[in-house]
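Structure assessment
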Amino acid sequence: MAFLRPNDSAPGDAAGSAANTSTGAKDSCDTTFTVVASVNQWGSLAQQLGGSCAEVTSLINSTSADPHDYEATAADLAKLAKADVVVLNGAGYDGWAEKAQLDKDRQRIVNVGDLMGITATEEHSHEHEEGGEGEEGHHHHGSTNPHVWFSPEAVLKAAEAINDAYIAEAGENSKTAATVQRHFNEWNGEYADFVALVNKGRATGVERDYVATESIISYLLDYIGATDKTPETYTNAMNSEAEPSAADLKSAMDTVAGNDVDILVVNPQEMDGFAKKLNEAAVKSNKTIISATEQLPENQKTLLGWLTLIAKQALATDTTNGFFLTQDVKDRTLSDYEGEWQSVYPFLKDGTLDAVMEAKAKKGDMTAEEYKQYYDTGYKTDVEKISIKGDRMSFTRGGKTVAATYKYDGFRILDYAKGNRGVRFLFTATGDVPEGAPKVVQFSDHGIAPGKSAHFHIFRGDSSQEETLKEMDNWPTYYPASMSGEEIATEILAH
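Note that this is a predicted model, so its numbers are computed, not measured.

**Overview of the overall build of the protein chain**
Broken down by element type, the protein chain carries 17 helices and 16 strands. Split into buried and exposed, the 495 residues of the protein chain put 52% on the buried side. Long-range pairs, those at least 24 residues apart, make up 67% of the contacts in the protein chain with a sequence separation of at least 6.

In structure tokens:
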């Protein structure tokens, strides 16, 4: 999307705005109920569907907790026993919660593993003695993959079951039932958007091959049509009480580094020595790495938003909004930015871009004035014009122009908190640098390979490239000098 902040998601992006599910209607609850979920993946879904009518507690609510080793406290078990509605993962993942004194006659219990017909037939938790490389507590699940919250089918079934439980608990004709049904309908619309995203990837023939340190998101990757290239011997070793042999590990590392693999999937909560070696192989071979925790990360508000984000990372087909394969990023030259450019900051200040801010307010979660203040920080600059020709860049402030020569200094891929990424192409001044000309310059135009830029964000510094990479809030933006403010506004609104 043109004019997108360089380290943000596009307005309306499910990964960035899935939490904003309400149509604006206020929740009306003539009854409320307590809900206890074993883990926050399901707790977040229960909260989204219940709104103000549900008081939801997730017993494991942090990525720093290890659910495999979790020992429920007496207070945890009491909360489960007292809850009106209980949401369990099942499939052997949260057996500690299933051991609570639940009352099926009084409570409404949603067990997602049971909904999917998945049981813990061969589930194991295997602890290793200290001292061996790669042996600090990796957990094995045998033939069972209990990470069912990464299954879109399971998430849909869980949402339906939770909605049914809420309506049954509240009474079909209650205000609470009407409220939770509205939340479910809104959620179902988001789910349809998620399915459309995946179907679009399939329709365009996207093919993704991956290796995984463990099968944490395999349900989701299977759903989008990705192919698991993890060597079977490595997978079998990791899913049993054995450790991969040296030969199995080397085979997996060679596969990651090979041309037939696009992505390595890692679970940062289970980064033992073997996973670290595969991660090192991916970094060295410039491969895309998707990091997927078990619990819902702190920066993700909803389960469906999280799944949408990971699907976008895996499909990697939306370069403009920061979803691309690492290996597709290529060096660029200053010629991509050649031309006469003008800052858009004056058009923000004089009101020319007000219609843009109003359009953003209709889609986003801020008012038009709040967006204007936000972009004021982003666009602010005293450089009205930039001219680029050959290896020379000139900067005009208040009618005074200074110029310097710049050499290409590589690119950096930046991982943003929202889960998308950006690329900055770096240039460093050479020779005598006059006062007013930056020593380092970084371009971001949402492109990742050679191609003429239609607009760009620029970061300038007088110390080092690394220091300038830290700037995230101020990203002066430039469009061709030949365009009027109205034409720039129209260009933005058209995307």
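Back to the write-up after that little detour.
**Some thoughts on helix α12 (residues 303-315)**
Three or four residues apart is the spacing at which side chains of an α-helix point the same way, because the helix has 3.6 residues per turn. For α12, with 13 residues, the first-to-last C-alpha span of 18 Å sits near the 18 Å given by 1.5 Å per residue. The element α12 is largely enclosed, with a buried count of 13 among its 13 residues. Where α12 begins, the capping side chain belongs to Thr-302, and its oxygen is found 3.0 Å from the backbone nitrogen of Gly-305. Taken from the residues just after α12, Ala-316 is the one with a positive phi, measuring 50°.

**So, the environment of Phe-274**
Positionally, Phe-274 belongs in helix α11 (residues 273-284). When the C-alpha atoms of Phe-274 and Thr-213 are compared, they prove to be 7.9 Å apart, with 61 residues separating the residues in sequence.

**A word on the sheet that holds strand β9 (residues 339-343)**
Strands sit in the order β9-β10-β11-β12-β13-β14-β15-β16 around a closed barrel of 8 strands; the barrel is antiparallel. If you compare each strand with its neighbour and ignore which way they point, the axes differ by 35° on average. The sheet contact formed by β9 and strand β16 (residues 477-480) spans 3 bridges and is antiparallel. Bridge assignment links Gln-342 to a residue of β16, and that residue is Tyr-479.

**Some details on the state of the cysteines**
Under the criterion given, the structure shown has 1 disulfide. Across the disulfide, Cys-29 is cross-linked to Cys-53 (sulfur-sulfur distance 2.0 Å). With the S-S bond torsion at -85°, the cross-link from Cys-29 to Cys-53 turns out left-handed. In this pair, Cys-29 is assigned in the loop between α1 (14-17) and β1 (33-39) and Cys-53 in the loop between α2 (40-50) and β2 (54-60), connecting sequence segments 24 residues apart. What makes Cys-29 partly exposed here is its relative accessible area of 29%.

**Re the nonpolar core**
Grouped together as the largest cluster of nonpolar side chains are 72 residues, with contacts concentrated most on Val-35, Trp-42, Phe-150, Tyr-166, Trp-187, Ile-217 and Ile-224. Setting aside residues no more than four positions away along its own chain, Val-35 makes contact with Ala-46, Ala-54, Glu-55, Val-56, Thr-57, Val-85, Val-87 and Tyr-166. Among the nonpolar cores identified, the runner-up in size contains 24 residues, and Ile-386, Phe-395, Ala-404 and Phe-425 belong to it.

**What about unusual backbone geometry?**
Positioned with a positive phi, Ala-91 is a non-glycine residue whose angle comes to about 60°. When you line up the elements, Ala-91 lands in the loop between β3 (85-88) and α4 (95-98). Judged by relative accessible area, which is 5%, Ala-91 ranks as buried. Although it is not a glycine, Asn-286 adopts a positive phi angle of roughly 60°. Mapping Asn-286 onto the fold places it in the loop between α11 and β8 (288-291).

**Thoughts on the environment of Glu-369**
You can see Glu-369 is positioned in helix α15 (residues 368-379). For Glu-369, a relative accessible area of 47% corresponds to the partly exposed category. Remark: the alpha-carbon pair of Glu-369 and Glu-358, spanning 11 residues in sequence, is separated by 8.3 Å.

**Notes on the packing of aromatic side chains**
If you walk through the whole model with that rule in mind, you get 23 aromatic pairs. Centroid distance Phe-184 to Trp-187: 6.1 Å. Interplanar angle 25°. Geometry classified as stacked. One end of the pair, Phe-184, and the other, Trp-187, are both in helix α7 (residues 175-203), 3 residues apart, so they sit about a helical turn from each other. Taking the relative accessible area as the measure of exposure, Trp-187 reaches 0% and is therefore buried. Members of the aromatic cluster, joined through ring pairs, are Tyr-337, Trp-341, Tyr-408, Phe-427, Phe-443, Phe-456 and Tyr-478. Just above the ring of Tyr-223 sits the side chain of Arg-202; from NZ or CZ to the centre is 5.1 Å. Sitting over the ring of Phe-425, Arg-332 keeps its end group 5.0 Å from the ring centre.

**Observations regarding the sheet that holds strand β6 (residues 227-228)**
Note: strands within a sheet are paired through backbone hydrogen bonds, in either parallel or antiparallel orientation. The sheet built from 4 strands is open, its strands ordered β6-β5-β7-β8 with parallel pairing. Each edge of the open sheet is held by one strand with a lone partner, namely β6 and β8. Pairing of strand β7 (residues 263-266) with β8, which is carried by 4 bridges, proceeds in the parallel orientation. Paired with Ile-263 across the strands is Thr-288, a residue of β8. Sitting on the sheet, α11 is in contact with β5 (209-212), β7 and β8, with an inclination near 150° to β7.

**Brief notes about the pairing of strand β13 (residues 421-430)**
With 9 of 10 residues buried, β13 is to be regarded as a mostly interior element. Alignment of strand β12 (residues 400-415) against β13, held across 9 bridges, turns out to be antiparallel. In the strand pairing of β13, Leu-414 is matched with Gly-422. Counting the residues that bridge the hairpin from β12 to β13 gives 5 residues, and of these Gly-419 lies at a positive phi of roughly 100°. Where β13 and strand β14 (residues 440-444) come together, 4 bridges link them in antiparallel fashion. Residue pairing across strands places Leu-426 opposite Gln-442, the latter belonging to β14.

**Remarks on the confidence of the model for the protein chain**
Per-residue pLDDT for the protein chain has a mean of 89; in total, 90% of the residues score no lower than 70. Counted against residues more than four places away or in other chains, residues 9-22, with its pLDDT under 50, gives 31 contacts. Predicted confidence is poor over residues 122-140, with pLDDT under 50, and the contacts of this stretch with residues over four places away or in other chains come to 55 contacts.

Calculation criteria
Residues numbered from 1 in each chain as written. Predicted model: local features only at pLDDT ≥ 70, side-chain atom pairs only at ≥ 80, totals over all residues. Heavy atoms only, no water. Helix = DSSP H or I, 4+ residues; strand = E, 2+ residues; numbered from the N terminus. Buried < 20%, exposed > 50% of the residue type's maximum accessible area, 1.4 Å probe, protein only. Contact = heavy atoms within 4.5 Å. Expected span 1.5 Å × (residues − 1). Polar contact = N/O pair within 3.5 Å; in protein donor to acceptor, adjacent residues only side chain to side chain. Pairing = 2+ DSSP bridges. Axes fitted to C-alpha atoms, helices over the stretch in contact; angles between N-to-C directions. Disulfide = S-S within 2.5 Å. Core = buried A, V, L, I, M, F, W, Y, C linked by side-chain atoms within 4.5 Å. Phe/Tyr/Trp six-rings, centres within 6.5 Å; stacked < 30°, edge-to-face > 60°. Lys NZ or Arg CZ within 6 Å of the ring centre and 35° of its normal. pLDDT = per-residue confidence, 0-100.

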